[in-house]
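# A look at the structure
Residues per chain are reported as follows:
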Amino acid sequence: MMDLSAYRDIFIEELNDQLERMDQSLLALELSPSVELVQTLFRAAHTIKGSASTMDFRELSDLTHEVEYALEWVRSKKPEITAQLVDTLFRSLDAMRVLRDQYVQGESFTDFRAVVKEIQDMIHQPALAQQTKSPVIQSVESNLFDEVLEPGQQMFSIRIVLSSDCLMKAARYHILCKRVEDVCGSVLATSIEKQGLDEELGEAHYNEFVIVTASSLDQAQIESALSGDSDIRSVDVGPYVLATEEVAVTSELIETEMTVSKEKSDTSVPLQEDKMKSTQPTVRVSVERLDHLMNLVGELLIDQTSLADLSRTGARKEPSPVIQSIGGVSDHMGRVIKELQDGVMKTRMLPIDQLLNRFPRLVRDLSQKLGKDIELVIKGGETELDRMIIEELSDPLIHLIRNSADHGIESAEVRAQQNKPAKGRIKLTSYHEENHVVIRFSDDGKGIDGEKIKASAMKKGIITEEQAARLNQQEAVHLIFEPGFSTASTVSDVSGRGVGMDIVRSQIGRLNGIIDIDTEVGIGTTFTIRLPLTLAIIKGLLVNVSGRVLILPMYNVAEIVRIKPEEIQMIQGQQSILNHGRIVPFYQLCDKLQYPRTDRKSKTIPLVIVRSVDKIAAYAVDEIIGNQEVVIKSLGTYLGAMNHLSGATILGNGKVALILDASYLVSH
């Protein structure tokens, strides 16, 4: 038997793409039903079924076969796109994702027969199924039928619906056609022939069909002759009127015009099909290969920095033409390496749309579960971010969306009392700002009441009454990030968010990000997250502390200032400084890192004001050296837990400099 393990990774990648395509298409179908979206869903399901079957993944293949069967039913019968239909397809999609995860992890597969039955029941449910149209017989064809019709005969339309438990429906259809011919004398046309496809018809095509016949019997006699079969659920006989060519053509034109008109009216709703058509061709590249390229670029960057240092040193000691030539070569290498670095960085970048596209489904499900009408607006999905950061950003955004839907957006009744639109709105916007990516998350809900936050925090013992009295509104709102604040009772007592906000802060901190909150009671809340473009190569601020060169990431450096020793004040038992009217805790960085202090020769103290997530602190250093791009190297596990360090880098002089973890410094 052929070894399929070599194709496993390709299969999983393709499966993920197709599942994502189905998810987006289903969301679009619910908003704006169209033939194109149904076709997209059918193609995706057909692809998954074929790939899963090739990989001998029978569980997924069998489930997807039922989904494909249901979509073919939708495509051929064109029923109304109801909430029940979409919900059933979404549950099927969720089941396919579960099977995928179990396949990847090597676990036993869940039995999804209940989902299969739900699909089958949906197809056979009369309320959902639109009746099969009678075959249209043109006047040209009717001339032939005039020769068939005998005196006293008239044409009838016989609509037959088979039972859901009928086996071999295609065979039963042919048997019934023969029975009609025996009873009535001839079969002039059938709806199955009208629906004929190039591919082999599936069983779904034979659930319901219409047979046109000519007979001298009356309606009651025909119904009686065809009834009594356990495989038949219903028989409906009525007179059949020939359609003229003019009527048939006019009907077709009207139907076409209605379709075009509907498509034009729905142009405001972005279709996933259009988005897929505009997608640029791509090549799949292993992440390990990209990481290897990035490491090589990092090594080149270190060598170029060393060459630049040597050139500057040589120019000072011996300004010869050779040294000047080396300097020119170094500058050219620097430009080339910069372009190479940017190119490799772009290969690691993904549009944040890959992350944000997961959330419309989440908001839809939350709306149904909470009984609230909520819409999600996404802007700036084309903004690119390092794929590693995108993966780590998923959980924080999910927490924000859940808490906004549950605790931020009010019920329709409350919103009506406050003269707000019944439909709540959550907005996700992303854009570039200098060397950062900004993600702005906002809602038009009830906002966060700082006083209620303080009261709840005191009740839980997070802060004392004395501490609460010193907090302003902005500082009180930031208490939602404290561990232990997010308990169930707290969430029901306060008007803001609660669940998992400490996780949001810690995750954003690990990404060297910053988060701000802007809220107004009764109006809404906005969370602004600022993240670095990448975590592989950063611009760092080099400082001298106790004779050691240390590096602080520039995106965590809020400001660099110099102060006089007398500007340091003792406020509430903590050394602090005033910075733009704000009290900022003050520390000696050497004390924080347990390095020995050195004698200070200058009359002023150089300070680096460091910010991470929602916290800020000022650190005294011996000297500000400058900033440069550095390559982050992992310290590995040999040194043990070094929480205050995020890595190390090699400087141009060949020495190792440690990179400080700003989020750990300001939090401990």
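These numbers were taken from a predicted model, which means no experiment stands behind them.

In this section: the overall build of the chain. For the chain, the helix and strand inventory stands at 24 helices and 22 strands. Nonlocal contacts in the chain, meaning residues at least 24 apart in sequence, comprise 71% of its contacts between residues at least 6 apart. Surface exposure of the chain reaches about 34,800 Å², of which carbon and sulfur atoms provide 52%.

Another point: the packing of helix α15 (residues 359-370) against helix α16 (residues 387-408). Interaxial distance between α15 and α16 falls to 10 Å at its minimum, and their mutual angle equals 30 degrees. On the basis of their axis angle, the class for α15 and α16 is roughly parallel. Every pair of crossing elements has a handedness; the one defined by α15 and α16 is right-handed. Taken together, the residues of α16 that come into contact with α15 (itself represented by Phe359, Leu362, Val363, Leu366 and Leu370) are Ser394, Leu397, Ile398, Ile401, Arg402, Ala405 and Asp406. Here the contact of α15 with α16 is composed, by residue class, of nine nonpolar, one polar and two charged.

Let's shift gears to the packing of aromatic side chains. One pass over the full model with this rule turns up seven aromatic pairs. Ring plane angle 75 degrees and centroid distance 6.4 Å describe the contact between Phe11 and Phe57, whose orientation is recorded as edge-to-face. With Phe11 in helix α1 (residues 8-31) and Phe57 in the loop between α2 (35-54) and α3 (58-77), this residue pair connects regions lying 46 residues apart in the sequence. Residue class for Phe11 comes out buried when judged on its relative accessible area of 5%. Under the relative-accessibility criterion, Phe57 is labelled buried at 1%.

Time to look at the environment of Asp291. Tracing the chain through its elements places Asp291 in helix α12 (residues 287-317). For the pair Asp291 and Met345, spaced 54 residues apart in sequence, the C-alpha separation works out to 9.9 Å.

Once that is clear, we can look at the pairing of strand β18 (residues 605-612). Counting buried positions along β18 gives seven out of eight residues, so the element sits mostly inside the fold. Across six bridges, the pairing between strand β14 (residues 557-563) and β18 is antiparallel. Across the sheet, residue Ile560 finds its bridge partner in β18, namely Val608. Sheet analysis places β18 next to strand β19 (residues 615-620), joined by six bridges and oriented antiparallel. Across the sheet, residue Ser612 finds its bridge partner in β19, namely Lys615.

The next thing to look at is the pattern of salt bridges. Within this structure, the stated rule accounts for 26 salt bridges. The salt bridge partner of Glu68 is Lys49, with a shortest N-O separation of 2.6 Å. Of this pair, Glu68 sits in helix α3 while Lys49 sits in helix α2; the two residues are 19 residues apart in sequence, bridging distant segments of the chain. A relative accessible area of 8% places Glu68 in the buried class. Bridged by salt links that share partners, the residues Asp23, Glu30, Asp87, Asp94, Arg97, Arg361, Arg364 and Asp365 form one connected network.

Rules used in this analysis
Residues numbered from 1 in each chain as written. Predicted model: local features only at pLDDT ≥ 70, side-chain atom pairs only at ≥ 80, totals over all residues. Heavy atoms only, no water. Helix = DSSP H or I, 4+ residues; strand = E, 2+ residues; numbered from the N terminus. Contact = heavy atoms within 4.5 Å. Areas by Shrake-Rupley, 256 points an atom, 1.4 Å probe, with all protein chains shown as cover. Axes fitted to C-alpha atoms, helices over the stretch in contact; angles between N-to-C directions. Parallel < 35°, antiparallel > 145°, perpendicular 65-115°, else oblique. Left-handed = near helix turned anticlockwise from the far one by under 90°. Nonpolar A, V, L, I, M, F, W, Y, C, P; charged D, E, K, R; others polar. Phe/Tyr/Trp six-rings, centres within 6.5 Å; stacked < 30°, edge-to-face > 60°. Buried < 20%, exposed > 50% of the residue type's maximum accessible area, 1.4 Å probe, protein only. Pairing = 2+ DSSP bridges. Salt bridge = Lys/Arg side-chain N within 4 Å of Asp/Glu carboxyl O.

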